[in-house]
Amino acid sequence: MSDPAILPTGGNRPLRRPDELVEAGLAPADRLAALERVAARYAIAITPAMADLVDPTDPDDPIARQFVPDEAELDHRPEELADPIGDHSHSPVKGIVHRYPDRVLLKPSHACPVYCRFCFRREMVGPGGEALTPAELAAAIGYIADHPEVWEVVITGGDPLMLSPRRLGELVRALSAVPHVAVIRFHSRVPVVDPGRIDAALVAALATDKAVWVAVHANHARELGDEQAAACRRLTQAGIPLIGQSVLLKGVNDDVATLSALLRRMVALRIKPYYLHHGDLAPGTQQFRTSIDEGQALVRALRGAVSGLCQPTYVLDIPGGHGKAPIGPDFLARDTAGHWLVTDFRGQSHRYPPPATEDKG
Ligand SMILES: *Cc1c(COP(=O)(O)O)cnc(C)c1O
Ligand code: SF4
(Lines give C-alpha, C1' and ligand atoms only; values in the text may rest on other atoms or scores of the structure.)
(Ligands and ions follow the chains in the order given, each with its own letter.)
Protein backbone atom coordinates (compact mmCIF):
# COMPACT_ATOMS: atom_id res chain seq x y z
CA MET A 1 0.00 0.00 0.00
CA SER A 2 2.96 2.25 0.44
CA ASP A 3 3.76 2.03 -3.26
CA PRO A 4 2.17 5.09 -4.89
CA ALA A 5 2.43 3.41 -8.31
CA ILE A 6 -0.20 0.83 -7.39
CA LEU A 7 -2.73 3.01 -5.61
CA PRO A 8 -6.02 3.51 -7.44
CA THR A 9 -6.70 6.84 -9.10
CA GLY A 10 -7.34 9.74 -6.75
CA GLY A 11 -10.83 10.29 -5.40
CA ASN A 12 -11.66 6.68 -6.06
CA ARG A 13 -10.58 5.13 -2.80
CA PRO A 14 -11.84 1.61 -2.12
CA LEU A 15 -13.43 0.64 1.20
CA ARG A 16 -10.85 -1.43 3.06
CA ARG A 17 -11.89 -1.69 6.71
CA PRO A 18 -14.88 -3.46 8.28
CA ASP A 19 -16.05 -0.23 9.94
CA GLU A 20 -16.03 1.44 6.52
CA LEU A 21 -18.22 -1.36 5.17
CA VAL A 22 -20.67 -0.91 8.05
CA GLU A 23 -20.67 2.84 7.61
CA ALA A 24 -21.35 2.44 3.88
CA GLY A 25 -24.33 0.21 4.67
CA LEU A 26 -22.72 -2.86 3.09
CA ALA A 27 -22.76 -4.85 6.33
CA PRO A 28 -24.89 -4.60 9.47
CA ALA A 29 -23.20 -3.18 12.59
CA ASP A 30 -23.77 -6.41 14.52
CA ARG A 31 -21.40 -8.21 12.13
CA LEU A 32 -18.52 -5.85 12.79
CA ALA A 33 -16.67 -8.12 15.22
CA ALA A 34 -16.97 -11.08 12.83
CA LEU A 35 -15.75 -8.96 9.93
CA GLU A 36 -12.76 -7.82 11.99
CA ARG A 37 -11.79 -11.48 12.51
CA VAL A 38 -11.90 -12.09 8.74
CA ALA A 39 -10.02 -8.85 8.07
CA ALA A 40 -7.21 -10.03 10.34
CA ARG A 41 -6.69 -12.96 7.96
CA TYR A 42 -7.66 -11.80 4.45
CA ALA A 43 -7.41 -8.50 2.62
CA ILE A 44 -10.56 -6.47 1.98
CA ALA A 45 -11.20 -3.90 -0.73
CA ILE A 46 -14.36 -2.81 -2.52
CA THR A 47 -14.11 -0.08 -5.11
CA PRO A 48 -16.78 2.64 -5.28
CA ALA A 49 -17.94 1.25 -8.65
CA MET A 50 -18.75 -2.10 -7.02
CA ALA A 51 -20.04 -0.69 -3.69
CA ASP A 52 -22.52 1.42 -5.67
CA LEU A 53 -23.93 -1.70 -7.33
CA VAL A 54 -24.81 -3.42 -4.07
CA ASP A 55 -28.47 -3.47 -3.10
CA PRO A 56 -28.23 -3.29 0.72
CA THR A 57 -31.83 -4.48 1.09
CA ASP A 58 -31.01 -7.78 -0.64
CA PRO A 59 -29.36 -10.23 1.78
CA ASP A 60 -28.35 -12.40 -1.21
CA ASP A 61 -26.97 -9.61 -3.37
CA PRO A 62 -24.57 -11.23 -5.88
CA ILE A 63 -22.19 -8.26 -5.88
CA ALA A 64 -21.96 -8.04 -2.08
CA ARG A 65 -21.43 -11.79 -1.92
CA GLN A 66 -18.28 -11.48 -4.01
CA PHE A 67 -16.65 -8.66 -2.04
CA VAL A 68 -18.14 -8.29 1.45
CA PRO A 69 -16.30 -10.63 3.83
CA ASP A 70 -18.11 -13.39 5.69
CA GLU A 71 -17.11 -15.38 8.72
CA ALA A 72 -17.50 -18.59 6.71
CA GLU A 73 -14.10 -17.69 5.19
CA LEU A 74 -12.46 -18.72 8.44
CA ASP A 75 -13.94 -22.21 8.13
CA HIS A 76 -11.11 -24.05 6.38
CA ARG A 77 -11.77 -27.54 5.03
CA PRO A 78 -9.24 -30.38 4.93
CA GLU A 79 -9.44 -30.62 1.14
CA GLU A 80 -8.65 -26.91 0.72
CA LEU A 81 -5.12 -25.83 -0.20
CA ALA A 82 -3.14 -22.64 0.43
CA ASP A 83 -1.78 -22.92 -3.12
CA PRO A 84 -4.75 -24.60 -4.83
CA ILE A 85 -3.43 -24.48 -8.39
CA GLY A 86 0.18 -25.31 -7.51
CA ASP A 87 1.85 -22.04 -8.53
CA HIS A 88 4.79 -22.57 -6.17
CA SER A 89 5.74 -25.95 -7.58
CA HIS A 90 6.28 -24.44 -11.05
CA SER A 91 8.03 -21.17 -10.20
CA PRO A 92 11.61 -21.17 -11.54
CA VAL A 93 12.23 -17.54 -10.55
CA LYS A 94 10.24 -15.12 -8.42
CA GLY A 95 7.19 -13.78 -10.26
CA ILE A 96 7.18 -16.48 -12.98
CA VAL A 97 5.05 -19.64 -13.14
CA HIS A 98 6.13 -21.91 -16.00
CA ARG A 99 3.76 -24.84 -16.22
CA TYR A 100 3.08 -25.20 -19.95
CA PRO A 101 6.01 -25.26 -22.37
CA ASP A 102 4.92 -22.36 -24.59
CA ARG A 103 3.59 -19.86 -22.05
CA VAL A 104 4.41 -18.43 -18.66
CA LEU A 105 2.58 -16.46 -16.02
CA LEU A 106 4.26 -13.24 -14.94
CA LYS A 107 3.07 -11.76 -11.63
CA PRO A 108 4.53 -8.27 -11.20
CA SER A 109 2.47 -7.38 -8.12
CA HIS A 110 0.12 -8.90 -5.56
CA ALA A 111 -2.21 -5.92 -5.23
CA CYS A 112 -5.78 -5.99 -6.54
CA PRO A 113 -8.37 -3.22 -6.89
CA VAL A 114 -10.88 -5.42 -5.01
CA TYR A 115 -10.35 -8.56 -2.97
CA CYS A 116 -12.74 -11.26 -4.13
CA ARG A 117 -13.83 -13.49 -1.27
CA PHE A 118 -13.45 -16.62 -3.45
CA CYS A 119 -9.96 -15.72 -4.75
CA PHE A 120 -7.84 -18.75 -5.70
CA ARG A 121 -4.67 -16.83 -4.79
CA ARG A 122 -6.09 -15.41 -1.55
CA GLU A 123 -3.12 -16.56 0.48
CA MET A 124 -0.77 -14.62 -1.85
CA VAL A 125 -2.63 -11.44 -2.84
CA GLY A 126 -3.15 -8.40 -0.65
CA PRO A 127 -1.76 -4.96 0.01
CA GLY A 128 0.98 -6.50 2.17
CA GLY A 129 2.11 -8.87 -0.58
CA GLU A 130 5.29 -7.49 -2.07
CA ALA A 131 5.51 -6.39 -5.69
CA LEU A 132 8.57 -7.52 -7.62
CA THR A 133 11.47 -5.14 -7.14
CA PRO A 134 12.91 -3.68 -10.35
CA ALA A 135 15.77 -6.20 -10.11
CA GLU A 136 13.36 -9.11 -9.62
CA LEU A 137 11.22 -7.96 -12.55
CA ALA A 138 14.35 -7.72 -14.70
CA ALA A 139 15.29 -11.28 -13.65
CA ALA A 140 11.79 -12.53 -14.52
CA ILE A 141 11.97 -10.90 -17.96
CA GLY A 142 15.47 -12.36 -18.30
CA TYR A 143 14.03 -15.83 -17.69
CA ILE A 144 11.52 -15.26 -20.51
CA ALA A 145 14.27 -13.99 -22.82
CA ASP A 146 16.35 -17.09 -22.05
CA HIS A 147 13.51 -19.49 -22.94
CA PRO A 148 12.81 -19.35 -26.68
CA GLU A 149 9.90 -21.77 -26.28
CA VAL A 150 7.90 -19.02 -24.49
CA TRP A 151 5.49 -17.74 -27.13
CA GLU A 152 2.98 -16.05 -24.81
CA VAL A 153 3.31 -14.16 -21.52
CA VAL A 154 0.20 -14.11 -19.32
CA ILE A 155 0.47 -11.17 -16.93
CA THR A 156 -1.55 -11.70 -13.79
CA GLY A 157 -1.05 -11.23 -10.07
CA GLY A 158 -2.65 -9.63 -8.23
CA ASP A 159 -3.99 -7.39 -10.91
CA PRO A 160 -1.41 -6.07 -13.38
CA LEU A 161 -3.56 -3.12 -14.48
CA MET A 162 -3.01 -1.71 -10.97
CA LEU A 163 0.48 -0.77 -12.13
CA SER A 164 0.96 2.83 -13.18
CA PRO A 165 0.88 3.51 -16.92
CA ARG A 166 4.59 4.30 -16.72
CA ARG A 167 5.45 0.89 -15.27
CA LEU A 168 3.02 -0.90 -17.58
CA GLY A 169 4.61 0.79 -20.57
CA GLU A 170 8.07 -0.28 -19.44
CA LEU A 171 6.87 -3.86 -18.98
CA VAL A 172 5.15 -4.00 -22.38
CA ARG A 173 8.24 -2.57 -24.07
CA ALA A 174 10.58 -5.02 -22.32
CA LEU A 175 8.46 -8.02 -23.31
CA SER A 176 7.97 -6.74 -26.85
CA ALA A 177 11.74 -6.60 -27.23
CA VAL A 178 11.96 -10.37 -26.69
CA PRO A 179 11.81 -11.72 -30.27
CA HIS A 180 10.13 -15.04 -29.48
CA VAL A 181 7.30 -13.48 -27.42
CA ALA A 182 4.39 -13.07 -29.83
CA VAL A 183 1.50 -12.50 -27.42
CA ILE A 184 1.16 -10.51 -24.20
CA ARG A 185 -2.02 -11.30 -22.30
CA PHE A 186 -3.21 -9.32 -19.27
CA HIS A 187 -5.70 -10.82 -16.84
CA SER A 188 -7.55 -8.09 -14.98
CA ARG A 189 -10.58 -7.12 -12.96
CA VAL A 190 -9.86 -3.38 -13.41
CA PRO A 191 -12.11 -2.78 -16.48
CA VAL A 192 -15.03 -4.01 -14.33
CA VAL A 193 -14.29 -2.82 -10.81
CA ASP A 194 -12.46 0.46 -11.54
CA PRO A 195 -13.35 1.29 -15.16
CA GLY A 196 -12.12 4.88 -14.93
CA ARG A 197 -8.61 3.55 -14.52
CA ILE A 198 -8.70 2.36 -18.16
CA ASP A 199 -7.91 5.86 -19.34
CA ALA A 200 -6.00 7.16 -22.36
CA ALA A 201 -2.65 6.92 -20.57
CA LEU A 202 -3.18 3.30 -19.55
CA VAL A 203 -4.40 2.30 -23.02
CA ALA A 204 -1.40 4.05 -24.59
CA ALA A 205 0.91 2.13 -22.26
CA LEU A 206 -0.36 -1.15 -23.74
CA ALA A 207 0.43 -0.14 -27.32
CA THR A 208 3.04 -2.30 -29.08
CA ASP A 209 3.48 -4.17 -32.36
CA LYS A 210 3.04 -7.47 -30.54
CA ALA A 211 -0.48 -8.78 -29.95
CA VAL A 212 -1.80 -7.56 -26.59
CA TRP A 213 -4.94 -9.30 -25.31
CA VAL A 214 -6.90 -8.45 -22.18
CA ALA A 215 -8.86 -11.07 -20.27
CA VAL A 216 -11.64 -9.31 -18.38
CA HIS A 217 -12.82 -11.01 -15.18
CA ALA A 218 -16.59 -10.62 -14.54
CA ASN A 219 -19.05 -12.91 -12.80
CA HIS A 220 -22.43 -11.18 -13.07
CA ALA A 221 -24.11 -9.10 -15.80
CA ARG A 222 -24.70 -6.30 -13.27
CA GLU A 223 -20.91 -5.80 -13.11
CA LEU A 224 -20.95 -4.73 -16.76
CA GLY A 225 -22.75 -1.37 -16.81
CA ASP A 226 -22.25 1.73 -18.92
CA GLU A 227 -18.89 2.75 -17.42
CA GLN A 228 -17.54 -0.75 -17.90
CA ALA A 229 -18.81 -0.74 -21.48
CA ALA A 230 -16.92 2.51 -22.06
CA ALA A 231 -13.72 1.07 -20.56
CA CYS A 232 -14.01 -2.00 -22.82
CA ARG A 233 -14.59 0.25 -25.81
CA ARG A 234 -11.42 2.20 -25.07
CA LEU A 235 -9.50 -1.08 -25.16
CA THR A 236 -11.13 -2.53 -28.27
CA GLN A 237 -10.77 0.78 -30.13
CA ALA A 238 -7.04 0.51 -29.46
CA GLY A 239 -7.08 -2.84 -31.26
CA ILE A 240 -6.94 -4.95 -28.11
CA PRO A 241 -9.11 -8.07 -28.29
CA LEU A 242 -11.01 -8.88 -25.10
CA ILE A 243 -11.76 -12.30 -23.68
CA GLY A 244 -13.96 -13.03 -20.68
CA GLN A 245 -13.07 -14.99 -17.62
CA SER A 246 -15.64 -15.96 -14.98
CA VAL A 247 -15.77 -18.18 -11.95
CA LEU A 248 -18.80 -20.38 -11.35
CA LEU A 249 -19.94 -19.17 -7.92
CA LYS A 250 -22.76 -20.51 -5.80
CA GLY A 251 -25.21 -17.74 -4.97
CA VAL A 252 -23.68 -15.40 -7.56
CA ASN A 253 -24.12 -16.92 -11.01
CA ASP A 254 -25.00 -20.62 -10.62
CA ASP A 255 -28.20 -20.64 -12.64
CA VAL A 256 -28.82 -20.66 -16.39
CA ALA A 257 -30.57 -17.28 -16.55
CA THR A 258 -27.81 -15.45 -14.64
CA LEU A 259 -25.01 -17.08 -16.60
CA SER A 260 -26.78 -16.44 -19.90
CA ALA A 261 -27.23 -12.75 -19.07
CA LEU A 262 -23.54 -12.47 -18.14
CA LEU A 263 -22.26 -14.21 -21.27
CA ARG A 264 -24.55 -12.23 -23.58
CA ARG A 265 -23.55 -8.95 -21.98
CA MET A 266 -19.91 -9.90 -22.50
CA VAL A 267 -20.40 -10.66 -26.18
CA ALA A 268 -22.40 -7.44 -26.63
CA LEU A 269 -19.37 -5.58 -25.21
CA ARG A 270 -17.05 -7.45 -27.65
CA ILE A 271 -15.70 -9.69 -24.90
CA LYS A 272 -15.44 -13.29 -26.13
CA PRO A 273 -16.19 -15.61 -23.18
CA TYR A 274 -13.08 -17.72 -22.72
CA TYR A 275 -13.12 -19.67 -19.46
CA LEU A 276 -15.75 -20.47 -16.88
CA HIS A 277 -13.66 -21.69 -13.96
CA HIS A 278 -14.85 -24.29 -11.55
CA GLY A 279 -14.24 -22.92 -8.04
CA ASP A 280 -10.72 -23.68 -6.84
CA LEU A 281 -10.06 -25.32 -3.47
CA ALA A 282 -8.89 -22.05 -1.88
CA PRO A 283 -9.12 -21.92 1.92
CA GLY A 284 -12.47 -20.80 3.31
CA THR A 285 -14.28 -20.75 -0.02
CA GLN A 286 -16.54 -23.75 0.38
CA GLN A 287 -19.65 -21.55 0.43
CA PHE A 288 -18.90 -20.57 -3.19
CA ARG A 289 -18.23 -23.99 -4.70
CA THR A 290 -20.80 -25.88 -6.73
CA SER A 291 -20.29 -29.54 -7.52
CA ILE A 292 -18.86 -30.49 -10.90
CA ASP A 293 -22.18 -32.24 -11.63
CA GLU A 294 -24.01 -28.96 -11.10
CA GLY A 295 -21.48 -27.14 -13.26
CA GLN A 296 -21.84 -29.63 -16.09
CA ALA A 297 -25.64 -29.42 -16.00
CA LEU A 298 -25.43 -25.61 -16.26
CA VAL A 299 -22.96 -25.70 -19.11
CA ARG A 300 -25.06 -28.28 -20.93
CA ALA A 301 -28.11 -26.02 -20.61
CA LEU A 302 -26.14 -23.05 -21.97
CA ARG A 303 -25.68 -24.88 -25.27
CA GLY A 304 -29.29 -24.33 -26.24
CA ALA A 305 -29.82 -21.12 -24.28
CA VAL A 306 -27.22 -18.83 -25.82
CA SER A 307 -25.34 -18.34 -29.08
CA GLY A 308 -22.17 -20.24 -29.82
CA LEU A 309 -20.23 -16.99 -29.43
CA CYS A 310 -21.35 -16.87 -25.80
CA GLN A 311 -20.05 -20.34 -24.88
CA PRO A 312 -17.09 -20.40 -22.48
CA THR A 313 -15.01 -23.49 -21.83
CA TYR A 314 -15.75 -24.88 -18.38
CA VAL A 315 -12.35 -25.63 -16.82
CA LEU A 316 -10.82 -26.96 -13.65
CA ASP A 317 -7.34 -26.04 -12.52
CA ILE A 318 -6.16 -29.44 -11.36
CA PRO A 319 -5.01 -29.20 -7.72
CA GLY A 320 -1.26 -29.69 -7.36
CA GLY A 321 -0.21 -27.66 -10.39
CA HIS A 322 -1.10 -30.00 -13.25
CA GLY A 323 -2.71 -27.25 -15.33
CA LYS A 324 -6.24 -26.68 -16.56
CA ALA A 325 -8.54 -29.34 -17.93
CA PRO A 326 -11.85 -28.81 -19.74
CA ILE A 327 -14.53 -30.49 -17.63
CA GLY A 328 -17.66 -29.67 -19.62
CA PRO A 329 -20.37 -32.23 -20.30
CA ASP A 330 -19.87 -34.87 -22.98
CA PHE A 331 -22.07 -34.62 -26.05
CA LEU A 332 -20.61 -37.75 -27.57
CA ALA A 333 -20.88 -41.34 -26.33
CA ARG A 334 -20.93 -44.86 -27.78
CA ASP A 335 -23.81 -47.29 -27.69
CA THR A 336 -23.29 -50.94 -26.74
CA ALA A 337 -22.49 -51.81 -30.35
CA GLY A 338 -19.72 -49.20 -30.37
CA HIS A 339 -21.59 -46.70 -32.56
CA TRP A 340 -21.37 -42.98 -31.81
CA LEU A 341 -24.31 -41.31 -30.09
CA VAL A 342 -24.40 -37.50 -30.29
CA THR A 343 -26.57 -35.45 -27.93
CA ASP A 344 -28.31 -32.35 -29.27
CA PHE A 345 -29.04 -29.17 -27.32
CA ARG A 346 -32.45 -30.55 -26.26
CA GLY A 347 -30.81 -33.61 -24.71
CA GLN A 348 -31.88 -36.05 -27.45
CA SER A 349 -29.40 -38.64 -28.71
CA HIS A 350 -28.73 -39.31 -32.37
CA ARG A 351 -26.75 -42.12 -33.91
CA TYR A 352 -23.79 -41.18 -36.06
CA PRO A 353 -23.10 -43.94 -38.54
CA PRO A 354 -19.83 -45.84 -38.35
CA PRO A 355 -17.47 -45.49 -41.32
CA ALA A 356 -18.33 -47.84 -44.17
CA THR A 357 -16.31 -51.03 -43.65
CA GLU A 358 -13.90 -51.79 -46.45
CA ASP A 359 -14.48 -54.97 -48.38
CA LYS A 360 -11.29 -56.94 -47.81
CA GLY A 361 -12.42 -59.76 -50.19
C1 LIG B 1 -3.86 -20.73 -16.57
C2 LIG B 1 -2.45 -20.72 -16.80
C3 LIG B 1 -1.91 -20.36 -18.04
C4 LIG B 1 -2.78 -19.95 -19.20
O5 LIG B 1 -3.50 -21.04 -19.65
P6 LIG B 1 -4.40 -20.91 -20.95
O7 LIG B 1 -5.11 -22.22 -21.00
O8 LIG B 1 -3.49 -20.67 -22.10
O9 LIG B 1 -5.31 -19.75 -20.72
C10 LIG B 1 -0.57 -20.39 -18.22
N11 LIG B 1 0.26 -20.76 -17.24
C12 LIG B 1 -0.22 -21.11 -16.02
C13 LIG B 1 0.76 -21.49 -14.98
C14 LIG B 1 -1.58 -21.10 -15.77
O15 LIG B 1 -2.04 -21.43 -14.55
S1 SF4 C 1 -8.95 -9.70 -8.61
FE2 SF4 C 1 -8.29 -11.83 -9.06
S3 SF4 C 1 -6.38 -12.12 -7.94
FE4 SF4 C 1 -7.40 -10.28 -7.09
S5 SF4 C 1 -8.65 -11.00 -5.37
FE6 SF4 C 1 -10.00 -11.03 -7.17
S7 SF4 C 1 -9.79 -13.14 -7.99
FE8 SF4 C 1 -8.04 -12.78 -6.58
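Predicted model, so just to flag it, every value in this text is computed and none were measured.

## Description of the layout of surface pockets
In this structure, the largest pocket encloses a volume near 840 Å³. Around the largest pocket, the lining is made up of 45 residues, and of these Phe120, Arg121, Thr156, His187 and Gln245 lie nearest the centre. Only β1 (96-100), β2 (103-106), β4 (183-188), β6 (242-247), β7 (271-277), β8 (313-317) and β9 (324-326) provide two or more residues apiece to the lining of the largest pocket. Size it by volume and the second largest pocket reaches roughly 330 Å³. Class assignment for the residues of the lining of the second largest pocket results in 9 nonpolar, 2 polar and 9 charged.

## Focus on the domain arrangement of the protein chain
According to the domain assignment, the protein chain consists of domain 1 (85-326) and domain 2 (331-361). Once you take the C-alpha centre of each, domain 1 and domain 2 turn out to be 38 Å apart.

## Thoughts on the site of ligand 2
Lining the immediate surroundings of ligand 2 are Cys112, Val114, Tyr115, Cys116, Cys119, Val125, Arg189 and His217. Counted by class, the shell around ligand 2 contains 6 nonpolar, 1 polar and 1 charged residues.

## Here we look at the sheet that holds strand β12 (residues 349-352)
Strand order in the open sheet made by the 3 strands is β10-β11-β12, with antiparallel pairing throughout. The sheet is open, and its two borders are formed by β10 (332-334) and β12, each paired with just one other strand. With strand direction ignored, the average angle separating the axes of adjacent strands in the sheet is 35 degrees. Relative to β12, strand β11 (residues 340-343) is paired through 4 bridges, and the arrangement is antiparallel.

## Things to note about the packing of helix α10 (residues 256-268) against helix α11 (residues 292-305)
Across the interface, α10 lies against α11 with an axial gap of 10 Å and an inter-helix angle of 55 degrees. By the criterion of interaxial angle, the relationship of α10 to α11 is oblique. For α10 against α11, the interelement crossing comes out right-handed. Residues Val256, Leu259, Ser260, Leu263 and Arg264 of α10 lie in contact with α11, whose contacting residues are Leu298, Ala301, Leu302 and Ala305.

## Examining the UniProt feature "modified residue: N6-(pyridoxal phosphate)lysine" (unreviewed entry) in the protein chain
Per the UniProt entry, the sites bearing "modified residue: N6-(pyridoxal phosphate)lysine" (unreviewed entry) are Lys324 in this numbering. Along the chain, the position of Lys324 falls in strand β9. The contacts of Lys324, once residues within four sequence positions are left out, are Tyr100, Tyr275, His277, Leu316 and Asp317.

Quick notes on the rules
Residues numbered from 1 in each chain as written. Chains lettered and ligands numbered in written order. Predicted model: local features only at pLDDT ≥ 70, side-chain atom pairs only at ≥ 80, totals over all residues. Heavy atoms only, no water. 1 Å grid on protein atoms, 1.4 Å probe; cavity = no way out; pocket = protein on both sides within 12 Å on 5 of 7 lines; lining within 4 Å. Points joined across faces, edges and corners; volume = space filled by probe spheres on them. Helix = DSSP H or I, 4+ residues; strand = E, 2+ residues; numbered from the N terminus. Nonpolar A, V, L, I, M, F, W, Y, C, P; charged D, E, K, R; others polar. Domains from an automatic or database assignment. Near = heavy atom within 4 Å. Pairing = 2+ DSSP bridges. Axes fitted to C-alpha atoms, helices over the stretch in contact; angles between N-to-C directions. Parallel < 35°, antiparallel > 145°, perpendicular 65-115°, else oblique. Left-handed = near helix turned anticlockwise from the far one by under 90°. Contact = heavy atoms within 4.5 Å. UniProt positions renumbered as here; feature names shortened; annotations may be inferred.

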